[in-house]
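The lines below spell out each chain.
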Amino acid sequence: MEYKFLLEIALIFVATKLLGILCRKIHLPEVVGALIAGIIIGPSLIGIVNFEGNSGVFLEYAAEVGVVLLMYGAGLETDLKELKKNALASFVVAAIGVVVPLGMGTACYAMFFHENIMEHTELLKCIFVGVVLTATSVSITVQTLREMGKLKGAVGTTILGAAVIDDILGIIVLTIVTSMADTSVEISTVFIKIGIYAVVLVVLFLIVKFSESFLATRDGKRRASIFAMAFCFILAFGSEELFGIADITGAYFAGLMLCNSKISHYLDVRVETINNHFFSMIFFASIGIKATFGGMDLNMWIFAGILTLAAIISKLFGCGLGAKICRFNWKESTQIGVGMVSRGEVALIVAAKGQQVGLIDGDLFAPIVIMVIITTLMTPVLLKIAFKDKNGDKGSPDNPDEQDKQDGSNKIEADAF
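Below: a short report on this structure. (Residues numbered from 1 in each chain as written. Predicted model: local features only at pLDDT ≥ 70, side-chain atom pairs only at ≥ 80, totals over all residues. Heavy atoms only, no water.)

Section: the overall build of the protein chain
Helix and strand counts for the protein chain stand at 17 helices and zero strands. Looking at the protein chain as a whole, 55% of its 417 residues are labelled buried. When contacts within the protein chain are restricted to residue pairs at least 6 apart in sequence, those whose partners lie at least 24 apart make up 81%. About 18400 Å² of surface is accessible on the protein chain, with carbon and sulfur atoms providing 66% of the total. (Helix = DSSP H or I, 4+ residues; strand = E, 2+ residues; numbered from the N terminus. Buried < 20%, exposed > 50% of the residue type's maximum accessible area, 1.4 Å probe, protein only. Contact = heavy atoms within 4.5 Å. Areas by Shrake-Rupley, 256 points an atom, 1.4 Å probe, with all protein chains shown as cover.)

Here is the structure:
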């Protein structure tokens, strides 16, 4: 057995904590420090931690557990009434937030590389770059909003709802485009799976509601927290493997099913305790560790810059426009647009799928990775700015529960990082 992973975990913990403290001192979200820590200790700079060998496999799995638990916690903290109230807004934000990036990404690739869009294969390649930009990963947004006490409320729930719908719409768009290049992909099958998935979620909601009540009335909080965690992982696995829907979406639904239960706060604290002190630290650092910028020529650096600008502007404008249409004010629309900017691992997964069917060239991966890193780093900073009030601070938390957490009144304290 190799024990290198123990040292790498220790280095990740120290680096993310120190950089997190530094970022907090200069009034930046701590998650920014974790991301920068990953870049510093990863192959891009010092190179003392990487994802190679058996230890790398372990770190990658731990990082995946981190993002699954993060979205599970987000589901537990969701205000279900607020989510229902903003369901239409979430759909509009997600829909426009898919269409605008799709168009901008397609246009950027076609214009920069002078592709002949009249040729079928070249057109599909252009469109697929747009598909990459439609992907949204709100794990960074969730952590940042949680730090600021803004995860609940109209803006936070709209972002979370839009992210879930965005994932479904993204799968449909991805399937349509890949089916044009890969005849083995059936569009009808995808729609059938999504329909079955919705039915399964409804059935599970009813089962969980009954089971949770049974456990809670018998003072079985600790027992319930273990079963709830297992349920989260089962639903995350089933979403990915059986329905082709991201595991983080399944994890969010698992938390959502329990968010109105009597023990939701207890479950949330338990999840935060284990995740914030282990898995999420590895996840946030892993994004920076995966960053590699070698082998890029000037042309690709320029395209990386253009792609990144398109990624930021398209979500900011598209999702912000959707929010404005749904009668959010300009400040709230900007907050929602910023919250949807981060692409994260979702864009990389989509790009890998494009490479499998021959729609993404290998040399395009580096610009996509750069786009992912920059949007991920910028999102928490932009969110901090977007949520500032007239006096220059981020304002008070949206709800008493979040205030209680900040005041340290929880029975089990779950400090960020």
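Structural notes on the packing of helix α7 (residues 139–148) against helix α16 (residues 365–386)
Put simply, α7 and α16 touch, their axes get as near as 9 Å, and they point 30° apart. As the angle between them shows, α7 and α16 are arranged roughly parallel. In terms of crossing hand, the pair formed by α7 and α16 is right-handed. Contact residues: Ile140, Thr141, Thr144, Leu145 and Met148 in α7; Thr376, Thr379, Pro380, Leu383 and Lys384 in α16. (Axes fitted to C-alpha atoms, helices over the stretch in contact; angles between N-to-C directions. Parallel < 35°, antiparallel > 145°, perpendicular 65-115°, else oblique. Left-handed = near helix turned anticlockwise from the far one by under 90°.)

Points about the side chain of serine 239
Tracing the backbone shows serine 239 in helix α10 (residues 221–243). Overall, the relative accessible area of 0% leaves serine 239 in the buried class.

Describing helix α14 (residues 330–339)
Within α14, burial applies to Ser333, Gln335, Ile336, Gly337, Val338 and Gly339. One side-chain oxygen of the residue at the start of α14 lies 3.1 Å from the amide nitrogen of lysine 331, identifying that residue as asparagine 329. (Polar contact = N/O pair within 3.5 Å; in protein donor to acceptor, adjacent residues only side chain to side chain.)

As for a nonpolar patch on the surface
Where nonpolar side chains cluster on the molecular surface, the patch consists of Leu309, Ile313, Phe317, Leu321 and Ile325 and spans about 480 Å² of accessible area. Structurally, leucine 321 is set in helix α13 (residues 298–325). With a relative accessible area of 35%, leucine 321 lands in the partly exposed category. (Patch = residues over 30% accessible without salt bridge, like charges linked within 9 Å, V, L, I, M, F, W, Y side chains within 5 Å. Salt bridge = Lys/Arg side-chain N within 4 Å of Asp/Glu carboxyl O.)

Thoughts on unusual backbone geometry
In the Ramachandran plot, arginine 327 falls in the positive-phi region, its phi being about 70° despite a non-glycine side chain. By the secondary structure assignment, arginine 327 is in the loop between α13 and α14.

Section: the environment of glycine 322
One can find glycine 322 in helix α13. As a C-alpha pair, glycine 322 and phenylalanine 91 span 231 residues in sequence and 8.7 Å in three-dimensional space. Contacts of glycine 322, omitting those with residues within four sequence positions, involve Val92, Val93 and Ile96.

Some remarks on the packing of aromatic side chains
Counted according to the given criterion, the structure contains 12 aromatic pairs. With a centroid separation of 6.3 Å and an interplanar angle of 70°, the aromatic rings of tyrosine 197 and phenylalanine 253 are classed as edge-to-face. Placement of tyrosine 197 in helix α9 (residues 187–216) and of phenylalanine 253 in helix α11 (residues 247–258) is noted, with a sequence separation of 56 residues between them. Consider the rings of tyrosine 252 and phenylalanine 253, whose centres lie 6.3 Å apart with planes at 55°: the pair is tilted. As far as the burial class goes, tyrosine 252 and phenylalanine 253 line up, both buried. What links up through ring pairs into an aromatic cluster is the set Tyr109, Phe112, Phe113 and Phe303. (Phe/Tyr/Trp six-rings, centres within 6.5 Å; stacked < 30°, edge-to-face > 60°.)

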